[in-house]
Amino acid sequence: MSLRDDYQHVTPPDSFIILTVVNFTDTPEYRKYKISSDELPEFLREMKTPQHAEQIVSIEQGGTGC
């Protein structure tokens, strides 16, 4: 069985806390975002674009409400 076959469908939390870093400067700049579950797919697509200087460091469950 591959990992692609070993998953469960789950209900996402209301929001996610995302920590990013801009490390193309002399001093790395860290940024923190609170993103709703509905906005997360678009946020991740934007982060993958070549013109984005930020890299995702961590994604955690946010809590209720955004």
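Quick summary incoming for the structure in this document. Computed from a predicted structure; not experimentally measured. (Residues numbered from 1 in each chain as written. Predicted model: local features only at pLDDT ≥ 70, side-chain atom pairs only at ≥ 80, totals over all residues. Heavy atoms only, no water.)

1. As for the pattern of salt bridges
Selection rule: Salt bridge, as used here, is a side-chain nitrogen of Lys or Arg placed within 4 Å of a carboxyl oxygen of Asp or Glu. The secondary structure listing takes helices from DSSP runs of H or I that are at least 4 residues long and strands from runs of E that are at least 2 residues long, numbered from the N terminus. A simple rule labels every residue: compare its accessible area, found with a 1.4 Å probe on the protein chains alone, to the largest value its type can have, and call it buried under 20%, exposed over 50%, or partly exposed in between.
Overall, the coordinates contain 3 salt bridges when judged by the stated rule. Here Arg-31 makes a salt bridge to Glu-54, at a shortest N to O gap of 3.2 Å. In this pair, Arg-31 is assigned in strand 2 (residues 29–36) and Glu-54 in strand 3 (residues 54–63), connecting sequence segments 23 residues apart. Overall, Arg-31 belongs to the partly exposed group, its relative accessible area being 30%. Between Arg-45 and Glu-42 there is a salt bridge whose closest N-O contact spans 3.1 Å. Residue Arg-45 and its partner Glu-42 are located together in helix 1 (residues 40–47), separated by 3 residues, close to a single helical turn.

2. Points about the nonpolar core
Where we set the bar: We define a nonpolar core as any set of buried Ala, Val, Leu, Ile, Met, Phe, Trp, Tyr and Cys residues linked to one another through side-chain atoms lying within 4.5 Å. The contact criterion used throughout is that any non-hydrogen atoms of two residues lie within 4.5 Å.
Counting residues in hydrophobic clusters, the biggest one holds 6 residues: Phe-16, Ile-18, Ile-35, Leu-40, Phe-43 and Met-47. Those elements that place two or more of their residues in this core are strand 1 (15–22) and helix 1. When near neighbours in sequence (up to four residues on either side) are disregarded, Met-47 contacts Thr-20, His-52, Glu-54 and Ile-56.

3. Comments concerning the environment of Thr-20
To keep it simple, the criterion reads: Two N or O atoms form a polar contact when they lie within 3.5 Å of each other; inside protein one atom must be a possible hydrogen donor and the other a possible acceptor, and for residues adjacent in sequence the pair counts only when both atoms belong to side chains.
Note that Thr-20 resides in strand 1. With relative accessibility at 0%, the residue Thr-20 sits in the buried group. Note: C-alpha distance between Thr-20 and Arg-31 (11 residues apart in sequence) is 5.2 Å. Those residues in contact with Thr-20 that lie beyond four places of it in its chain are Glu-29, Tyr-30, Arg-31, Tyr-33, Met-47, Glu-54, Gln-55, Ile-56 and Val-57. A polar contact is formed between the side chain of Thr-20 and the side chain of Glu-54, at a distance of 2.6 Å.

4. What about helix 1?
Where we set the bar: Of all possible arcs, the one meant is that of the directions from the helix axis to the C-beta atoms.
Those residues of helix 1 not exposed but buried are Leu-40, Phe-43 and Met-47. In a view along the axis of helix 1, the buried residues occupy a sector of 60 degrees, so they form one face of it. Summarising the contacts, the buried residues of helix 1 are in contact with strand 1, strand 2 and strand 3.

5. Comments concerning the pairing of strand 1
Spelled out, the test is: We call two strands paired when DSSP finds no fewer than two bridges between them.
Most of strand 1 sits inside the fold, with 6 of its 8 residues counted as buried. Summarising the sheet, strand 1 and strand 2 pair through 8 bridges and their orientation is antiparallel. Directly across from Thr-20, in strand 2, lies its bridge partner Arg-31. A loop of 6 residues connects strand 1 with strand 2, the two strands running antiparallel in sequence. Strand direction decides the pairing type here: strand 1 and strand 3, joined by 8 bridges, are antiparallel. Residue Thr-20 lies in a different strand from strand 3, and its bridge partner there is Ile-56.

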